[in-house]
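One letter stands for each residue in the lines below.
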Amino acid sequence: MASPPGLDLSQGPHGPIGVLVCGHGSRNRLAVAEFAQLARGLQAQLPAVPVEYGYLEFARPILRDGLDALRAKGVGQVLAVPAMLFAAGHAKNDIPSVLNTYAAETGLRIDYGRELGIDLNMIQAAGARIREALAQAPADVPLHDTLLVVVGRGSSDPDANSNVSKVTRMLVEGFGFGWGETVYSGVTFPLVEPGLRHVVRLGYRRVIVFPYFLFSGVLVSRIRQHTERVAADHPEVEFLQASYLADHPLVVGTFVERVAEVVRGDTQMNCSLCKYRAQVLGFETEVGAPQHSHHHHVEGLTDGCDLCERECTGACQPDGVPLPPAGHLHENGHHHENSHHHAPYPHADHPLGPGTLRTGGGTGG
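Being a predicted model, the structure only gives us computed values, none of them experimental.

Visitor: I keep staring at the sheet that holds strand β6 (residues 146–152) and nothing clicks. Help me out?
Guide: Consider a sheet: its strands pair through backbone hydrogen bonds, and that pairing is either parallel or antiparallel. If you walk across this open sheet you meet the four strands as β7-β6-β8-β9, and the pairing is parallel. Both outer strands of the open sheet, β7 (179–184) and β9 (238–241), are each paired with one neighbouring strand and no more. On average, each strand axis in the sheet is inclined to that of its neighbour by 20°, with strand direction left out of account. For β6 and β7, the ladder comprises six bridges, and the chain directions are parallel. Pairing of V151 across the sheet is with V183, part of β7. The strands that helix α4 (residues 120–135) touches are β6, β8 (206–211) and β9; relative to β8, the one it contacts most, it runs at about 140°. Helix α5 (residues 158–175) contacts β6, β7 and β8 of the sheet and is inclined by roughly 155° relative to β7.

Visitor: So what exactly am I meant to see when it comes to the environment of G217 here?
Guide: Locating G217 in the fold gives a position in the loop between β8 and α7 (218–233). Through-space distance from the C-alpha of G217 to that of V32 is 9.0 Å; in sequence the pair is 185 residues apart.

Visitor: Even after reading the chapter, I still don't get the nonpolar core, so can you show me in this structure?
Guide: Soluble, globular proteins show a tendency: their nonpolar side chains are buried together. Among the nonpolar cores identified, the biggest contains 50 residues, and L148, L171, F210, Y212, L245 and F255 are the most heavily contacted of them. Counting residues in hydrophobic clusters, the runner-up holds 22 residues, among them L147, V192, V207 and A246.

Visitor: I keep staring at the environment of T254 and nothing clicks. Help me out?
Guide: When you line up the elements, T254 lands in helix α8 (residues 249–264). When its relative accessible area of 1% is taken as the criterion, T254 is described as buried.

Visitor: Could you clarify how one ought to interpret the environment of P47 in this entry?
Guide: With respect to the helices and strands, P47 occurs in the loop between α1 (29–45) and β3 (51–55). Judged by relative accessible area, which is 65%, P47 ranks as exposed.

Visitor: Honestly, α7 in this entry has me stumped. Any pointers?
Guide: What sets the pattern is the α-helix's 3.6 residues per turn: residues three or four places apart point alike. The terminal C-alpha atoms of α7, which comprises 16 residues, lie 23 Å apart, in line with the 22 Å expected from a rise of 1.5 Å per residue. For α7, the full list of buried residues reads V218, L219, V220, S221, R222, I223, H226, T227 and V230. At its buried positions, α7 is contacted by β6, α6 (192–199), β8 and β9.

Visitor: What should I look at first to understand the packing of helix α2 (residues 63–72) against helix α3 (residues 89–106) in this one?
Guide: Helices that pack against each other are described as a pair by the angle of their axes relative to one another and the distance between those axes. At a closest axis distance of 10 Å, the pairing of α2 and α3 adopts a crossing angle of 40°. One finds that α2 runs oblique with respect to α3. Judged by the sense of rotation from one axis to the other, the crossing of α2 with α3 is right-handed. Judged by residue contacts, L63, R64, L67, D68 and R71 of α2 engage I95, V98, L99, T101, Y102, E105 and T106 from α3. Looking at the contact of α2 with α3, its residues break down into six nonpolar, two polar and four charged.

Analysis parameters
Counting of residues starts from 1 at the beginning of each chain's written sequence and follows it residue by residue. For a predicted model such as this one, the threshold for reporting local features is a pLDDT of at least 70, and the threshold for listing and counting side-chain atom pairs is 80 or more; totals across whole chains, interfaces and linings nevertheless cover every residue. For side-chain calculations, the full set of non-hydrogen atoms in the structure is used, while hydrogens and water are omitted. Two strands form a pair only when DSSP identifies at least two bridges running between them. Secondary structure elements are defined from DSSP: runs of H or I of at least 4 residues count as helices, runs of E of at least 2 residues count as strands, and each element is numbered from the N terminus. Axes here refer to lines fitted to C-alpha atoms; in helices the fit is confined to the stretch in contact. Angles between the N-to-C directions go from 0 to 180 degrees. Note on contacts: a residue pair qualifies if any of its non-hydrogen atoms lie within 4.5 Å across the two residues. The criterion is simple. A nonpolar core is a set of buried Ala, Val, Leu, Ile, Met, Phe, Trp, Tyr and Cys residues joined through side-chain atoms within 4.5 Å. When a residue's accessible area, from a 1.4 Å probe over protein chains only, is under 20% of the maximum for its type it is buried; when over 50% it is exposed; and in between it is partly exposed. Helix span, as expected, comes to 1.5 Å for every residue beyond the first. Geometric relationships in this document are graded by angle, where less than 35 degrees denotes roughly parallel, more than 145 denotes roughly antiparallel, 65 to 115 denotes roughly perpendicular, and other angles denote oblique. Take the far helix as your reference; a near helix turned counterclockwise from it by less than a right angle gives a left-handed crossing, and one turned clockwise gives a right-handed crossing. Residues are grouped as follows: Ala, Val, Leu, Ile, Met, Phe, Trp, Tyr, Cys and Pro are nonpolar; Asp, Glu, Lys and Arg are charged; every other residue, Gly included, is polar.

Below you can see the structure in the form of structure tokens.
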């Protein structure tokens, strides 16, 4: 897919245009390498404009580094697109906070795009990953006797969580699977392992577990581990593990379209069910919460662990609770005062949710 026809991305009313791909960041070397590869793929599709990228935390370059690089290239207007599947706290609060602060400090014009979201290209990319898994299956099991489990990241924002369920339904109906379920890797419920243990009771011969993630990381590794644990207890069920999305050409194509939306001026996030704007059932107290970033204390932090080579196994986080940055843990094991703070999750006592909710250590969307 080439640059959208009919759109001049080289020059805007505020000067030369540049693109910034905004990521979360990871201590996982493979995830960081995959993100950089996706940014290079986007640059190849947009040869007329410079493309840079940056992270909120745990990796370099940080967002400000990417913005500095674009300014050094003479850019007068930045089209910033969040590399997020759905809009939760990071896309709605953290990234805009960093961009707004930088724009106020430098006078640089920064226009913000929307998340990848529910998109035909993204559904087709997900379908391609599921077909790859089916093609490698050792046995011939009818689709009607196959159950699809889509694993989302999990967020304290129910709007983002509900979007994963829509992806699941689109895939289940598209393939004609016998059943479909949605589980989450953290923050909300149901988690992967308890969700899979419920799923096997339905009696399907095959279960496909598909992590709806852009990149590798500790969460993807933990999804694999929890799937293998349940599979070992149920040898009568064939478990297939599909790959995450990565830089599938249709994913890159979706990023190109998000950039084009900014240029056309038709960027629209779904705000009708946003817990910060509407009194969503159970989250009424979060309407009008201030926009700020809680990632300043870990911007650019790159001191990873040495337990893994490139692909993170999750060995450093056996209980699902990320280790704090170096020097941010007191002797009694509590986090330093700079740890993340989020509004109380209304279902923190849910038996199928993570223990971090019950201890106040959840990491939000």
